[in-house]
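One letter stands for each residue in the lines below.
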Amino acid sequence: MNYDFQKIEKYWQDYWRKNETFKASNDSDKPKFYALSMFPYPSGAGLHVGHPLGYIATDIYSRYKRHKGFNVLHPMGYDSFGLPAEQYAIQTGQHPAITTENNINRYREQLDQLGFSFDWSREVRTSNPQYYKWTQWIFIQLFNAWYNKKSDKAESIDSLISIFEKEGNVNVEAACDDDTPSFDAATWNAYSEKEKQEILLNYRLTYLADTEVNWCPALGTVLANDEIVNGVSERGGHPVIRKKMTQWSMRITAYAQRLLDGLDKIDWPQPLKDSQTNWIGRSVGASVTFNVLDAERSRSDQEVISNDDVTSSAVEKPQEDVISTPLNHPYQIEVFTTRPDTIFGVSFMTLAPEHELVAKITTPGQKAEVEAYVEATAKRSERDRMADVKTISGVFTGAYAEHPFTKEPIPIWIGDYVLASYGTGAVMAVPCGDQRDYDFAKHYNIDIPNIFEGVDISEEAFADKETTVIANSDFLNGLSYKDAMKKIIAELERIGHGKGKVNYRLRDAVFSRQRYWGEPFPVYYVDGMPQMIDEKYLPLELPKVEKYLPTETGEPPLGNATEWAWNAKNKKVVSNDLIDHKTVFPLELNTMPGWAGSSQYFNRYMDPRNDDAIFSPEAINYWQDVDLYIGGSEHATGHLLYSRFWQKFMFDMGYVPKDEFAQKLINQGMITGTSAFVYRELDSNKVYSKGLIEGKKVVPIHADVSLVNASDELDIEAFKEWQPEYKDAEFILEDRKYIVGREIEKMSKSKYNVVNPDAICEEYGADSLRLYEMFLGPLEQSKPWNTAGITGVHSFLKKLWKLYAPYTNGSLSEAKAEPTDENLKTLHKTIKKVEEDIENFSFNTSVSTFMICVNELTAQKCTSKAILEPLAILVSPYAPHIAEELWSRLGHTESIAEAPFPKFEEKYLVESSKEYPISFNGKMRFKLELPLDMGKDEIEAAVLAHEKTKEQLQGREPKKVIVVPGKIVNIVG
């Protein structure tokens, strides 16, 4: 029988599905192993060959652990809420659930075709109400919790209320809003119910607040930072602006230090840990407050300071031109600085354009300029502003702050290099010690006082704090950085203008989206205050809407629903017309973000059909956590950070036994595509072949790789049909061919360089695809796809099939029962190498090892069942279909899936003989294999008795025979 991979693969895929071969048990005597791949968003385009890379790696390890006797949980599901399905619904009017279902069916078909050992009985879909019921449940738990800094954990909000009732909040150490008022027990107990709820929102782990967000008018929704590229939305390329909106937020900042500390406990890639460390951004320094002064020109009520008027002399001597008097209700600017020791070097202050004080302190003469700058900045994303270190821009507000020690006026500017979301949104600018401040001061001719002893700052700022000696700083003069830090913090605390502080770059996570296709919040509003729907009435399901766009009045798409009100008496959703604000109340119109559904999905897999709890105690205590997680590094500061936050919260509340959800994580590299390009000449209708473009002004245009053959020759007519705009173009050929350009790029539908795995499976089979993706290179590295290379691994599988010929062809009489020493040596060195490779995730070198093994066994004419059975098991994790078929033909009636992994035995690799080079007068003439345990005299006798030795000597007696046992024999004539 020939290797009919299509028939074989379909048979075993059907077998696995019918017999639920990979179904995991929540009650097993075997040790557990939980292997997980990041679940996909099911797009309409389906999978390309780059997508399965991580899935194949996880599958190999899962199959290996089954062979090793583990009860393996290897689930798969779909992250099925998201903007693409909603945008398609807007364009076509088709409900997102329909397109999502179609896309999932397509994905499932492709995943099954690749032979993954998923436990499909545990499939989850984040858009399924029975799944997002538990996302809503977790939201309610977060709402009903606060973070106690004394116990360093989340606790029930009831415990906080109890403290308030007895002693107020004076002694409470909690993660809360900075503007939370202080009150005693009497004041708390005298508050109205609404006032109490408003206070509690300052403490809850999920809360409502006015927040600066990335607003995309075209999409009608808030976007996360990672959904914005180059200042526009990743989806559709629409402009994004910064806007203040009332949003639900998650108090992830409460967990900042624990998120940092937890990185030391988990085996994750160091670059990913570094990304999270930098994103959290722990800084040690001080909080400093500056009083704001009113600044007016003394000479004329109409004369004000413009940007061009602010020179070093104007700032240096404001007392000559400016009258500085305290405001009737003075404002304060709080800054966080890691260098409070440089406070005497402050020559100006900079606020983020979005800072709430900007509108309050800007003088009338500066108002128009400031407002124009604020409006322009709102059109730039925070990432763009952070990345743009070359552009220097700002506007003077006309206002001044008072230096807390010198009492000198300090001009207050706004600049887009300061971000409202970092620190306090304000900086005390010390241009002599910070390069950005230095460049800003130089640009606007602001004074740069030098406070460093023996340092030249004429060309650049001095930022080496370790060699700092403070000068021109009153009581700090002559002190080092460390000594100055201690003294200045003590002085700031003494005069009531600051204190030592640890700050984090991490901001609370905005949790609202103005979309339809997302988890509904289990929230209704009474007297404007959020109330949680009782858990027993979950899930709160998405309503039907006629339009998926925001309403005409700017409300989110759920504002289009006619039945979206909560009857608090009857506990059900009713018509909006019934809202009476007594028993029927409006429901939340926003939905949750995409990361909501992925932040606990790994735990739900443990018990996905449980309708009474997110998981049973038995399930969570058995599986504990994910042992191996494989996915992309692009999720470092999104999904992977938010999931760690939710896991730590669930741990605090006693729901999970581990405060980290994945002990080991691997970031698989990217499979890149080889793009094809045609070259259109500027201002002409000519398209030049690759070899003719030198010296010409051409624009490279992506061509679909399916229109290009292995020789890089373009099918011009097919290209014109694909791109009608080139119908009349003149293609300039070389040697009567049009040769495209080639470039390695990210495999992407937009670059027309994707390769469909369906076509590969059709031509070469899933086992070939699996082996080839592993063979391309180390798992963590990016590697280019080249379909031509798959023929090598496909040929290997054919050779493997031939090795089992007596069993596949039915000629069992040819099979040899006993393996030779050579057979055993080949097998056991293969066992050793493959096991080491799998344990080290070096899957590419295993494929090479298989090829060597099969070549050696073929040369040895091995047909021993004692060799071929363990070899099939070794191959099984990589090429499961052919392994199952061979296992069956070897006489087994059960699946190979849980056959014990072969045991390596060192004794079979111990050499019993040595191939000696036999030399005559120092020149090697032939080789002779002799037992290693032969003595010197025995070796000499055996060599002299050999026919080839007699030929060399031709009857002469050797003068001398030099024998080095285990090394050489040299006969001196």
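Because the structure is a prediction, the values reported are computed rather than measured.

Parameters and conventions
- Residues numbered from 1 in each chain as written.
- Predicted model: local features only at pLDDT ≥ 70, side-chain atom pairs only at ≥ 80, totals over all residues.
- Heavy atoms only, no water.
- Pairing = 2+ DSSP bridges.
- Helix = DSSP H or I, 4+ residues; strand = E, 2+ residues; numbered from the N terminus.
- Axes fitted to C-alpha atoms, helices over the stretch in contact; angles between N-to-C directions.
- Contact = heavy atoms within 4.5 Å.
- 1 Å grid on protein atoms, 1.4 Å probe; cavity = no way out; pocket = protein on both sides within 12 Å on 5 of 7 lines; lining within 4 Å.
- Points joined across faces, edges and corners; volume = space filled by probe spheres on them.
- Nonpolar A, V, L, I, M, F, W, Y, C, P; charged D, E, K, R; others polar.
- Buried < 20%, exposed > 50% of the residue type's maximum accessible area, 1.4 Å probe, protein only.
- Phe/Tyr/Trp six-rings, centres within 6.5 Å; stacked < 30°, edge-to-face > 60°.
- Lys NZ or Arg CZ within 6 Å of the ring centre and 35° of its normal.
- pLDDT = per-residue confidence, 0-100.
- Parallel < 35°, antiparallel > 145°, perpendicular 65-115°, else oblique.
- Left-handed = near helix turned anticlockwise from the far one by under 90°.
- Patch = residues over 30% accessible without salt bridge, like charges linked within 9 Å, V, L, I, M, F, W, Y side chains within 5 Å.
- Areas by Shrake-Rupley, 256 points an atom, 1.4 Å probe, with all protein chains shown as cover.
- Salt bridge = Lys/Arg side-chain N within 4 Å of Asp/Glu carboxyl O.
- Lys, Arg positive; Asp, Glu negative; His and termini not counted.
- Charge placed at Lys NZ, Arg CZ, Asp CG, Glu CD.
- Core = buried A, V, L, I, M, F, W, Y, C linked by side-chain atoms within 4.5 Å.

**A look at the sheet that holds strand E24 (residues 628–631)**
Now for step 1: The 4 strands are arranged E2-E1-E24-E25 in an open sheet whose pairing can be described as parallel. Edge positions in the open sheet fall to strand E2 (71–73) and strand E25 (665–667), since each of these has one partner strand only. Mean inter-strand twist for the sheet, computed between neighbouring axes without regard to direction, equals 15 degrees.
Now for step 2: Of the strand pairs in this sheet, strand E1 (residues 32–37) and E2 are connected by 3 bridges, and their pairing is parallel. Each residue of the ladder has a partner; that of Tyr34, found in E2, is Leu73.
Now for step 3: Each of E1, E2 and E24 is contacted by helix H2 (residues 52–67), which is oriented at about 170 degrees to E1, the strand it contacts most.

**Section: the sheet that holds strand E32 (residues 913–920)**
Now for step 1: Pairing is mixed across the open sheet formed by 4 strands, whose spatial order is E33-E32-E35-E34. Of all the strands in the sheet, just strand E33 (923–931) and strand E34 (960–964) have a single pairing partner and so form its edges. Pairwise comparison of adjacent strand axes, ignoring direction, gives a mean angle of 20 degrees for this sheet.
Now for step 2: Relative to strand E35 (residues 968–972), E34 is paired through 5 bridges, and the arrangement is antiparallel. When the sheet's bridge partners are listed, Val961 is paired in E35 with Ile971.

**Points about empty space enclosed by the protein**
Now for step 1: Across all of its chains, the model carries 4 cavities of 30 Å³ or more by this definition.
Now for step 2: Roughly 80 Å³ of volume is contained in the largest cavity.
Now for step 3: In this structure, the largest cavity is lined by Val389, Thr391, Ile392, Ser393, Asp416, Tyr417, Arg436, Asp439 and Phe440.
Now for step 4: Split into classes, the residues belonging to the lining of the largest cavity amount to 4 nonpolar, 2 polar and 3 charged.

**Quick notes on unusual backbone geometry**
Now for step 1: Of note, the amide linkage connecting Leu538 to Pro539 takes the cis form, showing an omega dihedral of 5 degrees.
Now for step 2: You can see Pro539 is positioned in the loop between strand E20 (529–532) and strand E21 (565–567).
Now for step 3: With phi around 60 degrees, His581 is a residue other than glycine that occupies positive phi space.
Now for step 4: Secondary-structure assignment places His581 in the loop between strand E22 (572–574) and strand E23 (584–586).
Now for step 5: Judged by relative accessible area, which is 55%, His581 ranks as exposed.
Now for step 6: A positive phi angle is found at Asp735, which is not glycine, with a value near 55 degrees.
Now for step 7: Relative to the helices and strands, Asp735 resides in the loop between strand E29 (730–732) and strand E30 (741–746).
Now for step 8: The exposure class of Asp735 is exposed, given its relative accessible area of 72%.

**Observations concerning the packing of aromatic side chains**
Now for step 1: Enumeration over the complete set of coordinates arrives at 70 aromatic pairs.
Now for step 2: Aromatic side chains Phe405 and Phe475 sit 5.4 Å apart centroid to centroid with 70 degrees between the ring planes, which places their arrangement in the edge-to-face category. A residue pair is termed long-range when its members are at least 10 positions apart, and Phe405 in the loop between strand E14 (394–402) and strand E15 (409–415) and Phe475 in the loop between helix H16 (435–443) and helix H17 (481–495) qualify at 70 residues.
Now for step 3: When its relative accessible area of 22% is taken as the criterion, Phe475 is described as partly exposed.
Now for step 4: Counting every residue linked through ring pairs, the aromatic cluster contains Phe33, Tyr61, Tyr64, Phe70, Phe841, Phe843, Phe850, Tyr878 and Phe901.
Now for step 5: Positioned above the aromatic ring of Phe70, the side-chain terminus of Lys65 is 3.9 Å from the ring centre.
Now for step 6: The ring of Phe143 has Arg204 lying over it, and the distance from NZ or CZ to the ring centre is 3.8 Å.

**Notes on the confidence of the model for the protein chain**
Now for step 1: Taken as a whole, the protein chain shows an average pLDDT of 92; of its residues, 96% reach a score of 70 or greater.
Now for step 2: Low pLDDT, under 50, characterises residues 296–329; the predicted model gives this stretch 56 contacts beyond four residues in sequence or across chains.

**Some remarks on the packing of helix H5 (residues 129–143) against helix H20 (residues 639–652)**
Now for step 1: Closest axis-to-axis distance for the H5/H20 pair is 11 Å, and the angle between their directions is 65 degrees. Comparing the axis directions of H5 and H20 gives the class roughly perpendicular. Here the hand of the crossing between H5 and H20 comes out left-handed. Here Thr135, Trp137, Ile138, Gln141 and Leu142 of H5 lie close against H20, whose contacting residues are Phe645, Trp646, Phe649 and Met650.

**Here's the deal with a negative patch on the surface**
Now for step 1: Negative charge collects at one region of the surface, where Asp178, Asp179, Glu334 and Glu356 lie side by side.
Now for step 2: Tracing the chain through its elements places Asp179 in the loop between helix H6 (157–167) and helix H7 (185–190).
Now for step 3: With a relative accessible area of 63%, Asp179 lands in the exposed category.

**Overview of the nonpolar core**
Now for step 1: Grouped together as the largest cluster of nonpolar side chains are 179 residues, with contacts concentrated most on Trp248, Phe511 and Tyr629.
Now for step 2: Top contributing element to this core by residue count: H5, with 9 residues.
Now for step 3: Among all residues touching Tyr629, those that are not within four sequence positions of it are Leu36, Ser37, Met38, Tyr601, His639, Leu640, Phe661, Ala662, Lys664, Leu665 and Ile666.
Now for step 4: Core analysis: the next-biggest nonpolar cluster, separate from the first, contains 55 residues, Ala426, Met428, Tyr444 and Val455 among them.

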